[in-house]
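# Per-entry structural report
The residues making up each chain are set out below.
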Amino acid sequence: MSLMSHKLQAVHASIQAAAAAVSRRPDSVALLAVSKTFGPEMVLEAIAAGQRAFGENYLQEALAKMAAVELALQSGPGAGAGVLLEWHFIGPIQSNKTRAIAEHFDWVHTVDREKIAQRLSQQRPPQLAPLNICLQVNISGEASKSGLAPPEVLDVARAIAELPGLKLRGLMAIPEPTEDQQKQHAAFRQTRELLTQLQSELTKQRPGLQLDTLSMGMSADMVAAIEEGATIVRVGSAIFDRRFGRQGH
Ligand SMILES: *Cc1c(COP(=O)(O)O)cnc(C)c1O
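What you see is a predicted model; the values in this text were computed from it and never measured.

Right, let's get into the pattern of salt bridges. Scanning all chains against the criterion turns up 12 salt bridges. The salt bridge involving Arg 189 is made with Glu 228; its shortest N-O contact spans 3.5 Å. Taken together, the residues Arg 189 in helix H7 (residues 181–205) and Glu 228 in the loop between helix H8 (222–227) and strand E8 (232–235) connect sequence positions 39 residues apart. A relative accessible area of 34% means that Arg 189 is categorised as partly exposed.

As structure tokens, this is what we get:
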């Protein structure tokens with residue numbers, strides 16, 4: 001078995017253990033492999049090991065990688081036939097990047113302004129399914145971080161739920177890094193409570209709304225995130241970084 005398969009299996013095992021600890025079904029947590037800064041050959045290794053959803057932060061890097069991966073899948077020995085990938089944009093968004101994001105991605109986790117959402121909706125090609133959106137929340141209130149302050153979330157969510165090119169799915173958070181388990185839990189719990197509040201407010205307005213997503217938890221804090229209800233964990237280094245999961249040196 002490849003090193004990549006080992007690392008993916010280890011991450012899946014941690015996800016399953018964390019889900020089991022709080023009596024959640026293991027398949028209620030999706031693994032997003034964050035491939036930023038890693039090349040297309042690493043993405044192809046992960047695909048060969050069964051991974052299908054990838055997260056990228058930097059648009060130019062992502063577009064080049066996506067093209068290289070598609071080409072390799074199409075020209076590979078029949079292996080690419082029927083491989084359906086899902087690409088998630090998880091980096092900061094500048095207005096001049098929205099068109100390419102709307103054209104090439106399936107999900108965007110980092111929407112924190114209505115104006116960006118309007119552009120993504122207008123620029124989403126009509127032949128594609130609506131773009132799945134998570135609103136980024138600055139849950140720890142860090143001055144330097146992007147994301148909506150929690151009291152702003154409801155109004156922005158109301159507006160975005162009306163945009164035809166988008167499908168509002170839930171919230172994304174990157175809490176302040178800490179090794180303190182209680183602090184990790186508290187930030188993730190607050191994010192979950194905010195989603196619960198959105199669900200009850202917004203589904204009155206739009207009964208069909210599918211607000212089912214909490215994108216939270218990375219390599220260092222995914223256990224706490226899953227215990228507090230994460231439905232997507234965004235894991236990079238534990239999958240791709242050569243310093244992780246090596247036997248010996
Ligand atoms: C890099 C990144 C991750 C993955 O972080 P790791 O610590 O490598 O697992 C997750 N989410 C976002 C937004 C990132 O930028």
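Okay, the site of the ligand next. As a matter of local geometry, the ligand sits amid Val 34, Lys 36, Asn 57, Ile 90, Met 172, Ile 174, Met 218, Ser 219, Arg 234, Val 235, Gly 236 and Ser 237. Contact distances for the ligand include 2.9 Å between a nitrogen atom and a side-chain N or O atom of Arg 234. For the ligand, an oxygen atom lies 2.8 Å from a polar atom in the backbone of Ser 237. Protein burial of the ligand: of its 380 Å² of free accessible surface, 82% is covered by the chains. In terms of residue class, the shell around the ligand is made up of 6 nonpolar, 4 polar and 2 charged.

A complete count under the given rule lists 3 aromatic pairs for this structure. The interplanar angle of 25 degrees and the centroid separation of 5.3 Å between the aromatic rings of Phe 38 and Phe 240 together place this pair among those described as stacked. One end of the pair, Phe 38, is in the loop between strand E1 (30–34) and helix H2 (40–48); the other, Phe 240, is in helix H9 (residues 237–240), and 202 residues separate them in sequence. Phe 38 sits in the partly exposed class, given a relative accessible area of 21%. With 5.6 Å between their ring centres and 35 degrees between their planes, Phe 54 and Trp 87 make a pair best called tilted. Within this pair, whereas Phe 54 is found in strand E2 (residues 53–56), its partner Trp 87 is found in strand E3 (residues 86–89), the two being separated by 33 residues in sequence. Residue classification places Phe 54 among the buried positions, given a relative accessible area of 0%. Given a relative accessible area of 5%, Trp 87 falls into the buried group.

Conventions adopted
- Per chain, the residues get numbers from 1 upward, laid out in the order the sequence is written.
- A pLDDT threshold of at least 70 governs which residues receive local features in this predicted model, and a stricter bar of 80 or more applies before side-chain atom pairs are shown or counted, although totals over entire chains, interfaces and linings include all residues.
- Each side-chain value is derived from all of the structure's non-hydrogen atoms; neither hydrogens nor water enter the calculation.
- Basic side-chain nitrogens of Lys or Arg form a salt bridge, by our definition, when they fall within 4 Å of a carboxyl oxygen of Asp or Glu.
- Counting from the N terminus, the helices are DSSP H or I runs at least four residues long and the strands are E runs at least two residues long.
- We call a residue buried when its accessible area falls under 20% of the maximum for its residue type, exposed when it is over 50%, and partly exposed in between, using a 1.4 Å probe and counting protein chains only.
- One heavy atom within 4 Å of a molecule or strand is enough for the residue carrying it to be called near that molecule or strand.
- Definition of a polar contact: a pair of N or O atoms within 3.5 Å, with one able to donate and the other able to accept a hydrogen when the atoms are protein atoms, and with sequence-neighbouring residues admitted only if both atoms are side-chain atoms.
- In these tables, accessible area is a Shrake-Rupley quantity obtained with a 1.4 Å probe, and a residue counts as shielded only by the protein chains included in the view.
- Each residue receives one of three labels: charged for Asp, Glu, Lys and Arg, nonpolar for Ala, Val, Leu, Ile, Met, Phe, Trp, Tyr, Cys and Pro, and polar for the others, Gly being one of them.
- Pairing of aromatic rings covers Phe, Tyr and the six-membered ring of Trp, with a centre-to-centre limit of 6.5 Å; geometry is then stacked below 30 degrees between planes, edge-to-face above 60, and tilted otherwise.

Treat this as a map of the structure, not an account of what it does.
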